[in-house]
Amino acid sequence: MVSQNVVVSDANTGIITVSNSSVFTPSAQKPPTAPGYISVSKKKLLKNLELSGAQSQRLNSWVDSMRASSPTHLQSLPSLSSEDELNSWLKRHPSALDMFERIIEASRGKQIVMFLDYDGTLSPIVSDPDRAFISSKMRRTVKKLAKCFPTSIVTGRCIDKVYSFVKLAELYYAGSHGMDIKGPTKGFSRYNKDKPSVLYQPAGDFLPMIDEVFKQLVEKTKSTPGAKVENNKFCLSVHFRCVDEKKWSELALKVRSVVKNYPTLKLSQGRKVFEIRPMIKWDKGKALEFLLESLGFENSNDVFPIYIGDDRTDEDAFKLLQERGQGFGILVSKFPKDTSASYSLQDPPEVMDFLRRLVEWKQIQQ
């Protein structure tokens, strides 16, 4: 069993650690079912692996998903480039800029709390994940936003990495898909001045395993040009944005060959990236819930959370907001996608416009 660790830093008492509650899902005690393996060369590779028809279908399904995560492939899909389908999708998920007044009206009398993904939301998606820099304009906008509302960045990155990009001490940071949560630096945020700093790490016991798998993945993928393995502390990312599409199947099989030996880890796929995470009951939605509780809004009807993100992992947060019946999720995408978000924005520049409008509205109210 793995225990959750909650560490609360208090200036008077030091650091207190509380642990015990189980975070394993019932299925986590046995090897996970593969979430869809990967498409491979029809004759040579499938024959060598002696895959059954059902297995090969799963492999093909996964590589199709890999292709669908690429904007260039999305543009080539007739069903997605259809103007009728796009218009239909926008009716279900209208622009948050167009619906700004409706969003504000829904928030009347409530405390807005902001949750922001990083890659693809505050910064553009780039070929080299180490160069996903936030613009100075976006940084200034987020800084102003944090003066108006409690603001968190919820990302798959490790906290140290995303903080090196953002460099704003007044924010809450939830790294590793919410498995590493840290509150604002003491004295930098008006929203935590009367509260102790918070550090929450529900997957702390997995650190040795994550480091071990990281080394294996680096060794296993070094022969695939363009592949990059990123250690996000409590989870791992294998980026294939710079990998030749002909090598995707080969890379995916390499990743799977490592992860399959660790039944308490799960493998999933995002936008041109494989994600390896501990199989625990924790995700970005749980992180959002924990942060709301840390801010004093547990079971409160006076809170209005707004979550903006572009990736599949953000769907857990969108679904949570739907279930709570509070606030809204906003998906960042230029293309129709299945989503639990209520509204949409096309790209980081539109995200910045939306955040600026929120700041301007709040400043008028003060």
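Everything below is about the structure printed above this text.
This write-up is about the structure you can find in this document. Just so it is clear, the structure is predicted and the values come from calculations on it, not from any experiment. (Residues numbered from 1 in each chain as written. Predicted model: local features only at pLDDT ≥ 70, side-chain atom pairs only at ≥ 80, totals over all residues. Heavy atoms only, no water.)

Backbone geometry at lysine 167 places phi at a positive 60 degrees, although glycine is not the residue there. Relative to the helices and strands, lysine 167 is located in the loop between helix 8 (159-166) and strand 5 (172-175). In this structure lysine 167 comes out as exposed when scored by relative accessible area, which is 55%. A positive phi angle, close to 55 degrees, is found at asparagine 299, a residue other than glycine. Tracing the backbone through its elements, the reader meets asparagine 299 in the loop between helix 11 (284-294) and strand 12 (303-309). (Helix = DSSP H or I, 4+ residues; strand = E, 2+ residues; numbered from the N terminus. Buried < 20%, exposed > 50% of the residue type's maximum accessible area, 1.4 Å probe, protein only.)

As a further point, take the nonpolar core. The biggest cluster of nonpolar side chains holds 49 residues, and the ones touching the most others in it are Leu217, Val255 and Ile276. Considering every element that reaches this core, the biggest residue donor is helix 10 (residues 248-259), with six residues. Contacts of isoleucine 276, omitting those with residues within four sequence positions, involve Leu217, Cys235, Leu236, Val238, Val255, Val259, Leu265, Lys266 and Leu267. Formed by 42 residues, the second largest nonpolar core is a distinct cluster that contains Leu116, Leu122, Leu171 and Ile306. (Core = buried A, V, L, I, M, F, W, Y, C linked by side-chain atoms within 4.5 Å. Contact = heavy atoms within 4.5 Å.)

Looking at the element boundaries, aspartate 98 is found in the loop between helix 5 (83-92) and helix 6 (100-106). Owing to a relative accessible area of 66%, aspartate 98 belongs among the exposed residues under this scheme. With 256 residues separating them along the chain, aspartate 98 and phenylalanine 354 place their C-alpha atoms 9.8 Å apart.

The subject of this paragraph is a positive patch on the surface. Together, Lys137, Arg140, Lys144, Lys147 and Arg356 line one region of the surface with positive charge. Element by element, the count of residues in the positive patch is highest for helix 7 (residues 136-148), at four residues. With respect to the element layout, arginine 140 can be found in helix 7. The class for arginine 140 is partly exposed, based on a relative accessible area of 46%. (Patch = residues over 30% accessible without salt bridge, like charges linked within 9 Å, V, L, I, M, F, W, Y side chains within 5 Å. Areas by Shrake-Rupley, 256 points an atom, 1.4 Å probe, with all protein chains shown as cover. Salt bridge = Lys/Arg side-chain N within 4 Å of Asp/Glu carboxyl O. Lys, Arg positive; Asp, Glu negative; His and termini not counted. Charge placed at Lys NZ, Arg CZ, Asp CG, Glu CD.)

Summed over the entire model, instances satisfying the criterion amount to twelve aromatic pairs. Relative to phenylalanine 165, the ring of phenylalanine 133 lies with its centre 5.6 Å away and its plane at 85 degrees, an arrangement referred to as edge-to-face. You can see phenylalanine 133 sitting in the loop between strand 3 (111-116) and helix 7 and its partner phenylalanine 165 sitting in helix 8, a full 32 residues away along the chain. Note on tyrosine 200 and tryptophan 282: the rings are 4.9 Å apart at their centroids and 70 degrees apart in plane angle, and the pair reads as edge-to-face. Placement of tyrosine 200 in strand 7 (residues 197-201) and of tryptophan 282 in the loop between strand 11 (273-278) and helix 11 is noted, with a sequence separation of 82 residues between them. (Phe/Tyr/Trp six-rings, centres within 6.5 Å; stacked < 30°, edge-to-face > 60°.)

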